[in-house]
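# Chains, contacts and geometry: an overview
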Amino acid sequence: MAESDHRLVQTAVIGSATSGLGIVLPQEADELRRLRRRHPTYTYWCGTQLGGCGNKLSDRLCADKVCHFAHAPNASCHRKANGANSADHLFIKQDLARWARGSGVDARAVLRDLGSGPGDAVDFRVRGSRQRVRFQFRRLTHPQWRSAGEELERDAASLDWVFGPGSAHPETVAEMYGRFGHVLRFRFETEGVARRIRIRAEEARSSTDWVPLDACAMTPEGLRVPGVERRRRTSRPVVAPRTPPGGAAPARVPVAPGARASVAPGRGSSADAPDRRADAGAGASPLVRKVQRLVEELNVLAAPAEADIRMKAERLDREAASWAVRYGRLTSSDFWSGKATKVAAQGDSLAGRLEKLAQHLK
Ligand SMILES: [Zn+2]
């Protein structure tokens, strides 16, 4: 397989500049030849829904490097995201529309530009039951997440957040753990010229399997991911009351097989985290702030890196979030018993590993 190059344009839209039909160009010459034979009439565009210039693109067949899209020589383009993942918001939008249709639900998926482009977030809105699911691509600071949540909750009966790689701040993750016992994540897998979303629930020390959208279901409580028992143990709910005041029936998406299964035994220790966790004591600790700053820095550095590095960064991100929860739960007696020293030492070791990986990427 040829070396991947992040500067090359690897995604486009098909048919017109305003099209929402995304495509990832195959990197191998043979695959591109096959695509050309199968779809000789396809035209490719630097689509406006990709944050692109709207100009036509040609597909470059290369034997010595990866195949890629190319602008005409005189085109000027300021598109920020060109990599294989840069059309993921279009793929999820299509997938959500298909999922809703298949489930007989009147819903809409909307692209949200939060300042860096049309792929910053995708909101799924069920009309009748006023349920919302936010698929977050762009990284949010903790205060940004809070204010976005307030905005989304304003007229919603339920709100679920599903975070893309590196899009959740460690404090946000810690807060999600504290409130719900888990955080929902998504990632994409390339399938031919498209990319497909996979979703899972992550707890501090365990995760459910990555599943396609079809394995998930909208229930009156919101998005249901197989293997997760929903916990609402919060004094300030992220999600408004289950039954909308207008009395509209919740979405009638059938619950997928397995979706009712509760979380496996042995999981869920993090769900016992008290709501106060990272907010007060831990938030003020210089060590927690240091770890959070390092996680943020690492996520930025790891975003364009190879998959194994991104996975390492993701693991450290999760470890940091669960450590922050443990740190936030320390009581004054823990400081006398030596437990606090132990947890602080774990934080130091974690900071060391975060720094080491970040150094490796610089
Ligand atoms: Zn362009």
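Residues numbered from 1 in each chain as written. Predicted model: local features only at pLDDT ≥ 70, side-chain atom pairs only at ≥ 80, totals over all residues. Heavy atoms only, no water.

The name given to the protein in an unreviewed UniProt entry is Competence protein CoiA-like family protein, with the source organism recorded as Streptomyces atratus.

### With respect to the overall build of the protein
Counting secondary structure elements, the protein contains nine helices and 14 strands. Across the 362 residues in the protein, those meeting the buried criterion constitute 52%. In the protein, the proportion of contacts linking residues at least 24 apart, taken out of those at least 6 apart, comes to 63%. For the protein, the computed accessible surface area is about 17100 Å², with 51% contributed by carbon and sulfur atoms. (Helix = DSSP H or I, 4+ residues; strand = E, 2+ residues; numbered from the N terminus. Buried < 20%, exposed > 50% of the residue type's maximum accessible area, 1.4 Å probe, protein only. Contact = heavy atoms within 4.5 Å. Areas by Shrake-Rupley, 256 points an atom, 1.4 Å probe, with all protein chains shown as cover.)

### Thoughts on the side chain of H89
Tracing the backbone through its elements, the reader meets H89 in helix α2 (residues 88–102). Within polar-contact distance, the side chain of H89 engages the backbone oxygen of Q49 at 2.7 Å. Setting aside residues no more than four positions away along its own chain, H89 makes contact with Q49, L50, L111, P118, G119, V122 and F137. (Polar contact = N/O pair within 3.5 Å; in protein donor to acceptor, adjacent residues only side chain to side chain.)

### A look at the sheet that holds strand β3 (residues 44–45)
Here five strands make up an open sheet; going across it, the order is β2-β1-β3-β4-β5 and the pairing antiparallel. The open sheet has two free edges, formed respectively by β2 (22–24) and β5 (68–71), since each of these has just one partner strand. In this structure, strand β4 (residues 56–60) lies alongside β5, joined through four bridges in antiparallel fashion. Bridged to S58 within β5 is A70. Packed on one face of the sheet, α2 meets β1 (11–14) and β2 and runs near 125 degrees to β2. (Pairing = 2+ DSSP bridges. Axes fitted to C-alpha atoms, helices over the stretch in contact; angles between N-to-C directions.)

### Regarding the sheet that holds strand β9 (residues 158–163)
Strand order in the open sheet formed by seven strands is β6-β7-β8-β9-β10-β11-β12, and the pairing between neighbours is mixed. This sheet does not close on itself; its edge strands, each paired only once, are β6 (107–112) and β12 (211–212). Sheet topology places β9 next to strand β10 (residues 183–191); two bridges connect them, and they run parallel. Each bridged residue has a counterpart across the sheet, and for V162 the counterpart in β10 is L184. In the packing of helix α7 (residues 307–328) onto the sheet, the strands contacted are β10 and β11 (194–202), and the crossing angle to β11 comes to about 25 degrees.

### Focus on the pattern of salt bridges
For side chains of opposite charge, pairing can occur when their charged atoms come near one another. By the definition in use, this model includes 24 salt bridges. D30 is the partner of R33 in a salt bridge, and the nearest nitrogen-oxygen pair spans 2.8 Å. You can see R33 and its partner D30 sitting in helix α1 (residues 29–38), three residues apart, about one turn around the helix. (Salt bridge = Lys/Arg side-chain N within 4 Å of Asp/Glu carboxyl O.)

### What to know about the coordination of the zinc ion
Bound to the zinc ion are the protein donor atoms C46 (SG), C53 (SG), H71 (NE2) and C77 (SG), situated 2.1 to 2.3 Å from the metal. Classification of the site at the zinc ion as tetrahedral follows from its four donor atoms and the range of 105 to 115 degrees in their angles at the metal. Coordination of the zinc ion draws on donor residues from a single chain, spaced C-x6-C-x17-H-x5-C in sequence. (Donors = N, O, S within 2.8 Å, 3.2 Å for Na, K, Ca; no water. Tetrahedral: all angles 85-135°; square planar, octahedral: opposite > 155°, others 65-115°.)

### Thoughts on the packing of aromatic side chains
Two descriptors summarise a pair of aromatic rings, namely the distance from one centre to the other and the angle between the planes of the rings. Tallying each qualifying case throughout the model produces nine aromatic pairs. Cluster of aromatic residues (ring-pair linked, three or more members): F135, F137, F186 and F188. (Phe/Tyr/Trp six-rings, centres within 6.5 Å; stacked < 30°, edge-to-face > 60°.)

### Quick notes on unusual backbone geometry
Unusually for a residue other than glycine, R130 sits at a positive phi of about 50 degrees. Mapped onto the fold, R130 is located in the loop between β7 (121–126) and β8 (131–136). In this structure R130 comes out as partly exposed when scored by relative accessible area, which is 26%.

### Here's the deal with the environment of I199
One can find I199 in strand β11. Sequence spacing of I199 and R185 is 14 residues, and the spatial spacing of their C-alpha atoms is 5.7 Å. Setting aside its immediate chain neighbours within four residues, I199 contacts F135, V162, R185, F186, D209, W210, V211, L213, C216 and V225.

### As for the confidence of the model for the protein
A low pLDDT means the predicted coordinates there should not be read in detail. For the protein, the average pLDDT comes to 82, and 80% of its residues sit at 70 or higher. The low-confidence segment residues 232–284, where pLDDT is below 50, has 121 contacts with residues more than four positions distant or belonging to other chains. (pLDDT = per-residue confidence, 0-100.)

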